[in-house]
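An overview of the molecular structure
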Amino acid sequence: MRDVAKWEAALKKAFDTLRNEDRTQILESVSHLTVAAFRKSDALLDQAGVRRFLDNNLTNFILELKAKGMLPAICFFMSQRGCETLADRLRGALLAEEQKYRANTGWATKLSDLKQQYEAMKAKFERQVHTGTKDEIEQSKREGKCELEKIECKIKSLQRADPKFTLFSCDNVLTEAEIDDAVGERELQNEGYEWLRLCMLRGIAVHHAGMNKRWRMAVEHLFRKRRLAVVFGTATLSMGINMPCKTSVFVSDAVYINSMSYRQMAGRAGRRGFDLRGNVVFFGMRSPKIARLIKSELPVLQGNQLLS
């Protein structure tokens, strides 16, 4: 915060040294760009409607956040079912792009060759007649088992989600073992959350009050450890849960988003010790509502009970 305050003071000082004409020109330039962006966004929303706008632009929007280094992010959407739909749709889009890429790079052939190599070596190992002393036989078995495990690891690595088609950095991909540890063996048997497990392997998660508590706690734990990149959540995520992020995204409009909830959700952006500033992004929301939220003041809190 001290760095931000210094930067703000230096910016004000530099702005004060400018001539009135220069100040006016800068303000008019910024205002012009802002109005142009709002008009373009509103036109797209009027043309396609909110639902189609989200369907057509969500994946590119999240990938742009990744490219600009604005992840991890919490995307606030005021519908439990809608959060799950958006997360699964984003996962499906990344998977489809990965399948196209693999179809053009001979991925299936590589996987098939490794599986054939594994089966051939396994059959050879089972038919092999071991001769020699007991120690030599044990050593031969260990070597054969080690070779099989190496090929098996290659197969699993090839079947794993390609980091280029996840929201992780290349050296920070979440593993199945980490999800298993966070969720617990008992809850892993709940087949109703297999879709969420697949999403988490690509850096995507969901958080709302209607979820299984253990899965919800796993999302919180992994997000705090920076093992998840994007979480779609409702307003409950902004109330008393320790999940700071780099960017807060407001996905479309809802009557529940007022000056109080806006500040509560926007306040999630900016992680102490990691970020000099947080980012607040509006996606699929019309400009009049955005302007009202930014300019709004917090309501005065008054108690109704008289105390003597």
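Residues numbered from 1 in each chain as written. Predicted model: local features only at pLDDT ≥ 70, side-chain atom pairs only at ≥ 80, totals over all residues. Heavy atoms only, no water.

1. A short note on the nonpolar core
Put simply, the rule is: Definition used in this section: a nonpolar core is a set of buried Ala, Val, Leu, Ile, Met, Phe, Trp, Tyr and Cys residues joined via side-chain atoms within 4.5 Å. Only protein chains enter the calculation, and the probe is 1.4 Å; a residue is then buried if its accessible area is under 20% of its type maximum, exposed if over 50%, and partly exposed in between. What counts as a helix is a DSSP run of H or I of at least four residues, what counts as a strand is a run of E of at least two, and both are numbered from the N terminus. Residue contacts are defined here by distance: any two heavy atoms, one from each residue, within 4.5 Å place the two residues in contact.
Counting 62 residues, the largest nonpolar core has Ile62, Leu167, Met200, Phe232 and Val249 as its most contacted members. Residue contributions to this core peak at six residues, all from helix H3 (residues 50-67). Excluding residues within four positions of it along the chain, Met200 makes contact with Phe168, Leu174, Ile179, Ala205, Trp215, Leu222 and Leu228. By size, the runner-up hydrophobic cluster in this structure holds six residues, among which are Leu111, Leu114, Tyr118 and Ile151.

2. A look at the pattern of salt bridges
Note the cut-off: Each salt bridge in this description consists of a side-chain nitrogen of Lys or Arg and a carboxyl oxygen of Asp or Glu lying within 4 Å of one another.
Counted according to the given criterion, the structure contains 11 salt bridges. Across the pair Lys68 and Glu64 runs a salt bridge whose closest N-O atoms are separated by 3.0 Å. Here Asp88 ties to Arg91 by a salt bridge, and the two come within 3.2 Å at their closest N and O atoms. Placement of both Asp88 and Arg91 in helix H4 (residues 80-104) is noted, with a separation of three residues, approximately one turn of the helix. In this structure Asp88 comes out as partly exposed when scored by relative accessible area, which is 31%. Here Arg91 falls in the buried class, since its relative accessible area comes to 16%. Counted as one network, the salt bridges with shared partners bring together Glu98, Arg102 and Arg202.

3. Details of the packing of helix H7 (residues 176-183) against helix H10 (residues 213-224)
Formally: Between the N-to-C directions of two axes lies an angle of 0 to 180 degrees, each axis being a line fitted to C-alpha atoms and, for a helix, fitted only over the stretch in contact. With respect to orientation, any angle under 35 degrees is reported as roughly parallel, any angle over 145 as roughly antiparallel, any angle of 65 to 115 as roughly perpendicular, and every other angle as oblique. Handedness of a crossing follows from how the near helix is turned relative to the far one, being left-handed for an anticlockwise turn of less than a right angle and right-handed for a clockwise one.
Two elements in contact, H7 and H10, have axes separated by 8 Å at closest approach and are oriented at 125 degrees. As far as their axial angle goes, H10 and H7 are oblique. Crossing of H7 against H10: the hand is right-handed. For the pair H7 and H10, the contacting residues are Glu178, Ile179, Asp181, Ala182 and Val183 in the first and Arg214, Trp215, Ala218, His221 and Leu222 in the second.

4. What about the packing of aromatic side chains?
Here is the rule we go by: Planes of paired rings set the category: under 30 degrees apart is stacked, over 60 is edge-to-face and the rest tilted, where pairs are Phe, Tyr or Trp rings (Trp by its six-membered ring) whose centres lie within 6.5 Å.
What the rule picks out here adds up to eight aromatic pairs. Aromatic pair Phe53 and Phe283: ring centres 5.3 Å apart, planes at 40 degrees, arrangement tilted. Residue Phe53 is found in helix H3, and its partner Phe283 is found in strand E5 (residues 279-283); the two are separated by 230 residues along the sequence. Summarising the burial analysis for this pair, Phe53 and Phe283 share the class buried. Ring centres of Phe250 and Tyr262 lie 5.5 Å apart, and the angle between their planes is 40 degrees; on these two criteria the pair is classed as tilted. Of this pair, Phe250 sits in strand E4 (residues 247-251) while Tyr262 sits in helix H11 (residues 259-266), and the two are 12 residues apart along the sequence. Ring-pair connections join several aromatic residues into one group, and the members of that group are Phe76, Phe250, Tyr262 and Phe282.

5. Examining the sheet that holds strand E2 (residues 204-207)
What holds strands together in a sheet is hydrogen bonding between their backbones, with the strands either parallel or antiparallel. Going by this rule: Pairing between strands is defined by DSSP: at least two bridges between them are needed.
An order of E2-E3-E1-E4-E5 is seen for the five strands of this open sheet, with the pairing classed as parallel. The open sheet is flanked by E2 and E5, the only strands paired with a single partner. Recorded for the sheet is a direction-independent mean angle of 20 degrees between the axes of neighbouring strands. When strand E1 (residues 73-76) meets strand E3 (residues 230-233), the two strands line up parallel, connected through four bridges. When the bridges of E3 are listed, Ala73 appears paired with Val230.

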